[in-house]
Each structure stands twice: as structure tokens, then as C-alpha cells.
Amino acid sequence: MTLLEKAIDRLPDKGYLNLEIPKGINLVEEINRMRKEKNAIILAHYYQTGDIQDISDFLGDSLQLARAAEKTDADMIVFCGVHFMAETAKILNPTKKVVLPDLLAGCSLADSCSGEGLRELKKKHPNAIVVSYINCDSSVKAESDIIVTSSNAEHIINSLPKEQEIIFAPDRNLGRYINQVTGRNMILWDGACIVHEAFSLERIAQQMLDHPKAKLIAHPEAQKPVLQVAHYIGSTANLLNYVANDDSQEFIVATEEGILHEMRKRAPGKILIPALTIDDTCNCSECHFMKLNTMAKLYLCMKYELPEILMDEEIRLKALRPINKMLEMSKAIK
């Protein structure tokens, strides 16, 4: 049984899964009312649907959301993202109620690594420290020395002694990219995000020919061939800033398509083209898990305060240490 399955199994009442929304209800008005009534904060990732992004109190990438979760004085954190993100909020806020609109909103990358597997790798490299990408579950965080995001990974790795042996988990693509830009030779866990691995270099190359003025921008979770031809590589937040501030008027965007909603707000009038995937029936790369959250589920989640993120206290305390280490080491990053 996976940790996500265990989390579902621990829920005291699964009846909310069959609840229906009353006809004629205004979801936006009701969510806004409950937010005030329950002293709740809605945190949303840039990969959520546009309506959820628009109604959120705070919209951000993994680092920004971790900081927001750490600082909030709300009684209830409603996390519109995926399971590992809500877990991070709970790790940072043990006394607050943390809920996720759909508990099945998992992550292919987080599923690729386990705490048990990481412990076995650590035995083979007893002198190595473990640096884990935040896209992992609490059991992996508990086995880690430092957590990183795509926004701060390069900064944190550069701050470590050059001679330090490092295990990097779970994303091999991000790890390979960080090795390249820092000159390291980290030991890479063999995991990947299926969304970012789905981009087709052949189809993107044709897009670049069709749009010769467009710049290809890519998230470092994408595979090496895509990164090699990208004009700019950056975290979710950095991609947004680049599009808003660069003089170019056309961009081919190689990350989850949900980011385009906020990009259009920050760069009105610019042409934003989703990078094509290997599946020629789809014109963009969409995370199925991110899109499991809907406005209807958000409403039910806030009304019944379920499903709640529950966690073993021993695991939480072990996972808290590397997260706090990340937050301390990345204070210089805006």
C-alpha cells in the first residue's frame, strides 16, 4: 500500500466522496463566504485550472507555496495542488487543519521514489548527503538532509562543499540539469515527471520552424534534448517572470499548460504557444493529477473540511528538518 493509499485509508469518513452540490448554488460566493467564516486560506499552484487560480488567496510555485504555508495565521489551509504539496503544508503547520479538494491528486514523480528505497541507496553511499526535490512524499523527505525546489536547487547545491558526495532524488532530469550548471556529479535517483517527459523534441522543432520569432522556454524537469534547444530554462515562477519581462513577443512554453493562465495575465498581448507532446492527439502537456481539483470539489472540501491531510508525528518531525533547512538556505532568493 502506498502512502497515498494509506492516507485515504486513514480517513475517518469517506462518505464525502459521494456528496452532491445543491442545485443553483453560486460556488464563488459560497467559497468566499466559507473562507471568511472559517478563517481559511486557499493556496493554489500555477498548474491548477484558471478558476481555482483566480479564487486563491495565494498563487505560487512550490517554494512560494511552502513559504506561504509557513507564514499563514489561518486556521485551515485549503491546498489546491497535489498531495505532496498539502503534506508539506501539514509538516509546517501541525496544529492547523490542512485539506485537499481531491485526495487522489497525486504525482507521478513522487510515486517514483520511496523512503525505503532511498534508505537502501544511502547504505551504498554512506558518506553522501541526500538532497531531495520537494516533489516527493513525506517518507522521502524524512530520509533527506535538505529539500530543494526548482527555484532554489542551483543556489543550495552551490552552497554545499564541492567535495561533498550528494544523492539527488527523485527527479533525474532536474538532477542532470543541476549537475550541468553547478559542475557536480551527484548520484541521481531514476525518477521523472511524466508530464515534462512527454514533450516531443521533433514536434517542438517543427513549432520553432513555424514560429521563427518565438523563444522556447522550458522547466528543468524536461528531458535533456528539450533543454538543449531551449532559449531559457527556469522554475515555474522564473518562467513567468521571463515571459513578462523579456522583449520577445512569442514564446513556446514547455511546462504544464496551467501556467499559461497566469502568463496571459502578466504578459497580455504576447503569443503563448504550448509545447507539443509525443501524443499527437493532444496539443499541450497537462497534469491529470493537478486537474483533479475542481471548483465543485473545492466547495465540498471547505464545507465539510475533508479530506484532511493526516500524518504520523514521527515522520512529520523528521521531514520538517530538511524543509526548514531549505527555507533557511533560500532566504536570499526572492
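Keep in mind that what you see is a predicted model, and the values were worked out from it rather than measured.

Basis of the calculations
Residues numbered from 1 in each chain as written. Predicted model: local features only at pLDDT ≥ 70, side-chain atom pairs only at ≥ 80, totals over all residues. Heavy atoms only, no water. Helix = DSSP H or I, 4+ residues; strand = E, 2+ residues; numbered from the N terminus. Buried < 20%, exposed > 50% of the residue type's maximum accessible area, 1.4 Å probe, protein only. Lys, Arg positive; Asp, Glu negative; His and termini not counted. Salt bridge = Lys/Arg side-chain N within 4 Å of Asp/Glu carboxyl O. UniProt positions renumbered as here; feature names shortened; annotations may be inferred. 1 Å grid on protein atoms, 1.4 Å probe; cavity = no way out; pocket = protein on both sides within 12 Å on 5 of 7 lines; lining within 4 Å. Contact = heavy atoms within 4.5 Å. Polar contact = N/O pair within 3.5 Å; in protein donor to acceptor, adjacent residues only side chain to side chain. Points joined across faces, edges and corners; volume = space filled by probe spheres on them. Nonpolar A, V, L, I, M, F, W, Y, C, P; charged D, E, K, R; others polar. Pairing = 2+ DSSP bridges. Right-handed = clockwise from strand over helix to strand, strands pointing away.

## As for the side chain of Glu 87
Among the structural elements, Glu 87 can be located in helix α5 (residues 83-92). The side chain of Glu 87 is buried and forms no salt bridge, while Lys 141, the nearest opposite charge, is found at 5.4 Å.

## Remarks on the UniProt feature "binding site: iminosuccinate" (unreviewed entry) in the chain
As annotated by UniProt and renumbered to match this structure, "binding site: iminosuccinate" (unreviewed entry) occupies His 45, Ser 62, Tyr 133, Ile 134, Asn 135, Ser 150, His 219, Pro 220, Glu 221 and Thr 236. Lining residues of the largest cavity, restricted to the annotated ones just named, are Ser 62 and Ile 134. By secondary structure assignment, the location of His 45 is in strand β1 (residues 40-45). If we ignore the near neighbours within four places in the chain, the residues touching His 45 are Gln 53, Leu 59, Gly 60, Asp 61, Ser 62, Leu 65, Cys 80, Met 85, Thr 236 and Met 290. Looking at the element boundaries, Glu 221 is found in the loop between β9 (215-218) and α13 (224-229). Owing to a relative accessible area of 4%, Glu 221 belongs among the buried residues under this scheme. Excluding anything up to four places from it in sequence, Glu 221 contacts Leu 109, Tyr 133, Asn 135, Asp 171, Asn 173, Cys 193 and His 196. A polar side-chain atom of Glu 221 sits 3.4 Å from a polar atom in the side chain of His 196.

## Here's the deal with empty space enclosed by the protein
This structure, assessed with the given rule, holds 1 cavity of 30 Å³ or more. Estimates place the volume of the largest cavity at around 60 Å³. Lining the largest cavity are Ser 62, Leu 65, Ala 66, Ala 69, Phe 79, Met 85, Thr 88, Ala 89, Leu 92 and Ile 134. Elements represented by at least two residues in the lining of the largest cavity include exactly α4 (62-71) and α5. For the lining of the largest cavity, the per-class residue count stands at 8 nonpolar, 2 polar and no charged.

## Considering the sheet that holds strand β10 (residues 232-233)
Ordered by their spatial adjacency, 4 strands build an open sheet running β10-β9-β11-β12, and the pairing between neighbours is parallel. The open sheet terminates on both sides in strands that have one partner only, identified here as β10 and β12 (271-274). Where strand β11 (residues 250-254) meets β12, 4 bridges bridge the pair, whose relative direction is parallel. Opposite Ile 252, over in β12, you have Ile 273 as the bridge partner.

## Focus: the side chain of His 219
Examined against the element boundaries, His 219 turns out to sit in the loop between β9 and α13. When near neighbours in sequence (up to four residues on either side) are disregarded, His 219 contacts Tyr 47, Tyr 133, Ser 150, His 196, Leu 227, Ile 233, Gly 234, Ser 235, Thr 236, Leu 239, Ala 254 and Thr 255.

## Some remarks on the pairing of β1
Of all the 6 residues making up β1, 6 are buried; the element is thus mostly covered by neighbouring parts of the structure. In the sheet, β1 pairs with strand β3 (residues 76-80) via 5 bridges, with the strands oriented parallel. Across the sheet, Ile 41 pairs through a bridge with Ile 77, a residue of β3. Sheet topology places β1 next to strand β2 (residues 58-60); 3 bridges connect them, and they run parallel. Its bridge partner lying in β2, Leu 43 is registered against Phe 58. Once you follow β1 into helix α3 (residues 50-55) and on to β2, the crossover reads as right-handed.

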